[in-house]
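# Survey of secondary and tertiary structure
Take a look at the letters that make up each chain.
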Amino acid sequence: MNGTNLFKIALKALNNNKFRTFLTMLGIIIGVASVITMLAIGQGSKKSIQSQISEMGSNMIMIMPGNMERGGVRQGASDMQTLKLEDYKSLVNECKYLAGVSPVVSSSGQFIYGANNYPSSISGVGEDYLKIRQLTVESGETFTLHDIQASAKVCLIGKTIADNLFTGGEDPVGKVIRFNKIPFKVIGVLKSKGYNSMGQDQDAVVLSPYTTIQKRVLAITHLQGIYCSALTEDMTDNATKEITSIIRHNHKLKDADEDDFNVRSQKELSTMLSSTTDLMTILLACIAGISLVVGGIGIMNIMYVSVTERTREIGLRMSVGARGIDILSQFLIEAVLISITGGIIGVIIGVGTSYGVKFLASWPIYIQPWSVFLSFGVCTITGIFFGWYPAKKAADLDPIEAIRYE
């Protein structure tokens, strides 16, 4: 019996039990659609996080005061004053893997303009900060080295600050706002960056020369942090090692001493978040994949029922010359047709559901071609795996006993 005839017989058998065939497909459809949707959501989240980190500066390195024991008592980061201007200057002069270095100090408070006010924080930074954080001045200008040396009371504001303080639509550039009781002249407005992957508003920012915040706001001489950017993302590890070496030397730490500072890179954060999202994606895909197994068991059950119902038909076919391989092929074709058809429908529903999630829930999605082929391949293998045993049972039937079966 040739393959065309076997295919026609299998189609006719499935067509005779349309509703039962559809219910059998349903498990495969749900399984494939779930796997594609879950992988799309997981990969979308990963791409979104990587994009947000890239916007913040994928080669950015953050140096913060660390923990250190004094008299047996471990000090918290908020109590530490280990980072000094000398550390910043040493990094600028000695580190060959850095493209930019900026001190960071900040203070929280209330910004006031006329009758409007908005709670936020002001950050004191250096000239390289905008380049490190990939910020752009949309209108006005940035502060200069002269402003830093003079501790000038000037600032750059983000769009959120501008929208909340200048509600009348006036141009903020040139206006004077107050931070608590200290006046700051707005010399520029930063281009909007929106929310990052952590849900933080990147436009609720006010930047001023670090010397201004140190002297006029906080009255401190130490730094709360130092932000750097490596020459390239590939040089981040080398830059991190060099930074650690330079600051340890500045702080006169011995080999046995712990660092009294912490160095963290965006590359490290990106790797950590990517591994977390990959793990969650695999977990979601495994949970969704259970539906494929359930669908495969459904195929096996229905094929068993089909073999039982058509025992006499099988006996008649074998008595007129059909071989065991023909019977095996016939039932396998039926199982594969169910799984492939269910897989195609599942792919369509899965892709549609993924875009539905994107537009309705505003979740980032990313459908990789391999996820579609993987889901479709798994459902085909499932059909063959779970359909083979009932088909083998049918092929092994004794023709005489099959004809006598009631």
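Further up the page is the structure itself.
Residues numbered from 1 in each chain as written. Predicted model: local features only at pLDDT ≥ 70, side-chain atom pairs only at ≥ 80, totals over all residues. Heavy atoms only, no water.

### Observations regarding the packing of aromatic side chains
The criterion, for reference: Each Phe, Tyr or Trp ring, with Trp reduced to its six-membered ring, pairs with another whose centre is within 6.5 Å; inter-plane angles below 30 degrees give stacked pairs, above 60 give edge-to-face pairs, and intermediate values give tilted ones. The helix and strand labels rest on DSSP assignments: H or I over at least four residues marks a helix, E over at least two residues marks a strand, and numbering proceeds from the N terminus. For every residue, the accessible area (1.4 Å probe, protein chains only) is compared with the maximum for its type, and the residue is labelled buried under 20%, exposed over 50%, or partly exposed between those bounds.
Within this structure, the stated rule accounts for 4 aromatic pairs. When the centroid spacing of 4.9 Å and the interplanar angle of 45° are considered together, the rings of Phe111 and Phe179 count as tilted. Residue Phe111 is found in strand β4 (residues 98-113), and its partner Phe179 is found in strand β8 (residues 176-179); the two are separated by 68 residues along the sequence. Of the two residues, Phe111 and Phe179, neither departs from the other in class, the shared state being buried.

### A closer look at the packing of helix α10 (residues 311-319) against helix α11 (residues 324-361)
The condition that has to hold: Only the stretch in contact is used when a helix axis is fitted, and all axes are lines through C-alpha atoms; the angle between N-to-C directions ranges over 0 to 180 degrees. Oblique is the label for any angle not covered by the other classes, which are roughly parallel (under 35 degrees), roughly antiparallel (over 145) and roughly perpendicular (65 to 115). Note on convention: the crossing is left-handed when the near helix lies turned anticlockwise from the far helix by less than a right angle, right-handed when the turn is clockwise. Contacts were defined at the residue level, with two residues in contact if any of their heavy atoms lie within 4.5 Å. Classification used: nonpolar for Ala, Val, Leu, Ile, Met, Phe, Trp, Tyr, Cys and Pro, charged for Asp, Glu, Lys and Arg, polar for all others including Gly.
In the contact formed by α10 and α11, the axes pass within 10 Å of each other and the chain directions differ by 140°. With respect to α11, the element α10 is oriented oblique. Considering how the two elements wind past one another, α10 and α11 form a crossing that is right-handed. Two secondary-structure elements touch here, α10 through Glu313, Ile314, Arg317 and Met318 and α11 through Ile327, Gln330 and Phe331. The residue makeup of the contact of α10 with α11, split by class, is 4 nonpolar, 1 polar and 2 charged.

### Structural notes on helix α7 (residues 210-218)
Along α7, the residues that are buried comprise Tyr210, Thr211, Thr212, Ile213 and Gln214. Buried residues belonging to α7 abut α3 (85-94), β4, β5 (116-125), α5 (145-149), β9 (182-190) and β10 (206-209). At the exit of α7 stands Ala219, carrying a positive phi of roughly 55°.

### Notes on empty space enclosed by the protein
So the rule is basically this: Of the grid points, spaced at 1 Å and generated over the protein atoms alone, those admitting a 1.4 Å probe that cannot get out make up cavities, while open sets with protein on both sides within 12 Å along at least five of seven lines make up pockets; any residue with an atom within 4 Å of a point is treated as lining. Grid points are joined across faces, edges and corners, and a volume is the space filled by probe spheres set on the points.
In the structure shown here, the tally under the stated rule is 1 cavity of 30 Å³ or more. Of the voids in this model, the largest cavity is the one considered here, and its volume is about 30 Å³. Considering the residues around the largest cavity, the lining is formed by Leu135, Gly158, Lys159, Leu190, Lys191, Lys193, Gln202, Asp203 and Val205. Looking at the lining of the largest cavity, its residues break down into 3 nonpolar, 2 polar and 4 charged.

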